[in-house]
Amino acid sequence: AAVGATALAIAAFLLLAPPPPPTNWTGSLLGGPEVAFRPRPSPDGQLLAFYAIEDGYTQVAVMKPETGNWSMLTHNRRQGYVTNVAWAPDGSAIYYDRFTSVPKGIYSVPLLGGDEHLVFADAFRPEALPDGSLLAVKLNANHEWQLFRFWPATGKVQDLPVAVVDAQESLSNPRVFPDGKEALVDGAPLGKEAAGMNLLVVDLVTGATRPLAPGLPRGSGAPDFAVTRDGKSVLITQEFGPFTRVVSVPAHGHGTAQTVFTATHEVWGVETAPDGSIYACVTDVPAELVSRPLDRSEE
């Protein structure tokens, strides 16, 4: 089905190895609402969380990809717009942030429905770790957007020495590696000027950082990115004029970037699922769901 020029649709791309990449890729549009943003598969891959529009406000929604059946989990309009979603490690709840002119906080809502609950005030961009803690972005005492780790069960807050670049312009969440020891962030070491790609791998114990693919062109817009479920690769979006390229780069060690697919419109959000699928949000008319083999032999 066709959607409006500014509408977004959720798309899924299959990662299959090891056949060589073909010259073309194809796919099918998922069901669900005509306007949907930033899909996040559940830990078991059976459900898809995203945010959709209800009465002019973005709210948290969940869908079963196999059937396209979906429902809205939140309806509150008083605390602003939803801009990011992330699953709790056990899949029982969804974390999300609300935003007006400033971040109002990180909230949670049970998967089975119920009242939303404020988890971390004045923070946004939640990402859950395996131990139940959260990564989040929040203003520090110097009015810089900084990366923090928060434990909802105890209220403990740990500041990480990373300044997050363009925190209010980019919607990209920090992304945690499967072992929970490192995270990927669009930012720079605190106190240092950002330059180049700005994608950093952060050691969540020591706070040490290293650049990811420092020679990779950044493109014209803020990149979105996701860590594959095996932790071996990172998917990154790159905008060049009217085109968006999604590339795969090795998460550790040396290797070259491999193009997964190129879209003729913007790609707002990429994420991987346990079965190797990639879910993406594509500003296309008509929106399409595509599949694309990924050749890992050259990584």
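Structural notes, computed from the coordinates. (Residues numbered from 1 in each chain as written. Predicted model: local features only at pLDDT ≥ 70, side-chain atom pairs only at ≥ 80, totals over all residues. Heavy atoms only, no water.)

Digging into the overall build of the protein chain
In plain terms, the rule: We count a stretch as a helix when DSSP gives it H or I for four or more residues in a row; a strand needs E for two or more, and each element gets its number in order from the N terminus. Using a 1.4 Å probe on the protein chains alone, a residue whose accessible area is under 20% of its type maximum counts as buried, one over 50% counts as exposed, and one in between counts as partly exposed. Two residues form a contact once any of their heavy atoms are found within 4.5 Å. Using a 1.4 Å probe, accessible areas were evaluated by the Shrake-Rupley method; residue-level cover was limited to the displayed protein chains.
A tally of helices and strands in the protein chain yields zero helices and 23 strands. Here the protein chain, with 299 residues, has 53% of them falling under the buried criterion. By sequence separation, contacts in the protein chain at least 24 residues apart represent 47% of the contacts at least 6 residues apart. With an accessible surface of roughly 13000 Å², the protein chain has 53% of that area assigned to carbon and sulfur atoms.

What about the packing of aromatic side chains?
Counted only if it meets this: A pair of Phe, Tyr and Trp rings is counted when the ring centres sit within 6.5 Å of each other, with Trp represented by its six-membered ring. The angle between the planes then sorts it: under 30 degrees is stacked, over 60 is edge-to-face, the rest tilted.
Using the criterion set out here, one finds seven aromatic pairs in the structure. On the basis of an interplanar angle of 5° and a centroid distance of 5.1 Å, the ring pair of Phe37 and Tyr51 is categorised as stacked. Highlighted residues: Phe37 in strand β2 (residues 36-41) and Tyr51 in strand β3 (residues 48-54), separated in sequence by 14 residues. Owing to a relative accessible area of 13%, Phe37 belongs among the buried residues under this scheme. Ring centres 4.6 Å apart and planes at 15° place the aromatic pair Tyr57 and Tyr81 in the stacked group. Within this pair, whereas Tyr57 is found in strand β4 (residues 57-63), its partner Tyr81 is found in strand β6 (residues 81-87), the two being separated by 24 residues in sequence. Three or more aromatic residues joined by ring pairs form one cluster here, namely Phe99, Phe124 and Trp145.

Some details on the nonpolar core
To keep it simple, the criterion reads: Take the buried Ala, Val, Leu, Ile, Met, Phe, Trp, Tyr and Cys residues and link them wherever side-chain atoms come within 4.5 Å; each set so joined is a nonpolar core.
In this structure, Leu135, Leu147, Val162, Val164, Val185, Val202 and Leu204 are the most contacted members of the largest nonpolar core, which totals 16 residues. When residues of this core are traced back to their parent elements, those giving at least two are β11 (134-139), β12 (145-151), β13 (156-164), β15 (182-189) and β16 (199-203). Here this core gets three residues from one element, more than from any other, and that element is β13. The contact partners of Val162, leaving out residues within four places of it in the chain, are Trp145, Gln146, Leu147, Val185, Ala188, Leu190, Leu200, Val202 and Thr209.

Re empty space enclosed by the protein
For clarity, the threshold we go by: Computed over the protein atoms alone on a 1 Å grid, cavities are sets of points where a 1.4 Å probe fits but cannot get out and pockets are open sets with protein on both sides within 12 Å along at least five of seven lines; a residue lines them when it has an atom within 4 Å of a point. Grid points are joined across faces, edges and corners, and a volume is the space filled by probe spheres set on the points. Residues are grouped as follows: Ala, Val, Leu, Ile, Met, Phe, Trp, Tyr, Cys and Pro are nonpolar; Asp, Glu, Lys and Arg are charged; all remaining types, including Gly, are polar.
Under the defined criterion, the tally for this structure stands at one cavity of 30 Å³ or more. Here the largest cavity is characterised by a volume of approximately 70 Å³. If you trace the largest cavity, you find 12 residues lining it, with Arg38, Arg40, Asn84, Asn173 and Arg175 closest to the centre. Every element with two or more residues in the lining of the largest cavity is listed here: β2, β6 and β22 (267-272). Tallied by class, residues from the lining of the largest cavity come to four nonpolar, three polar and five charged.

Considering the sheet that holds strand β18 (residues 225-227)
Our working rule: Two strands qualify as a pair provided DSSP detects at least 2 bridges between them. Here, axes are lines fitted to C-alpha atoms. For helices the fit covers the stretch in contact, and angles between N-to-C directions go from 0 to 180 degrees.
One open sheet holds the four strands; their spatial order is β18-β19-β20-β21, and the pairing between them is antiparallel. The sheet is open, and its two borders are formed by β18 and β21 (258-263), each paired with just one other strand. When strand polarity is set aside, the average angle formed by the axes of neighbouring strands in this sheet is 20°. For β18 and strand β19 (residues 233-240), the ladder comprises three bridges, and the chain directions are antiparallel. Each bridged residue has a counterpart across the sheet, and for Phe225 the counterpart in β19 is Ile236.

Digging into the pairing of β22
With five of its six residues buried, β22 lies for the most part within the structure. By the bridge criterion, four bridges tie β22 to strand β23 (residues 277-282) in an arrangement that is antiparallel. For Thr272, the partnering residue across the bridge sits in β23 and is Ile278. Two successive antiparallel strands, β22 and β23, enclose a turn made up of four residues, where Gly276 displays a positive phi of approximately 95°.

Focus: the sheet that holds strand β8 (residues 103-110)
Pairing is antiparallel across the open sheet formed by four strands, whose spatial order is β6-β7-β8-β9. Two strands in the sheet have a free side with no partner beyond their single neighbour: β6 and β9 (117-121). Looking at each pair of strands side by side, their axes are set apart by 30° on average, direction ignored. Of the pairings in the sheet, the one linking strand β7 (residues 93-99) to β8 comprises seven bridges and is antiparallel in character. What sits directly across from Tyr96, in β8, is Tyr107.

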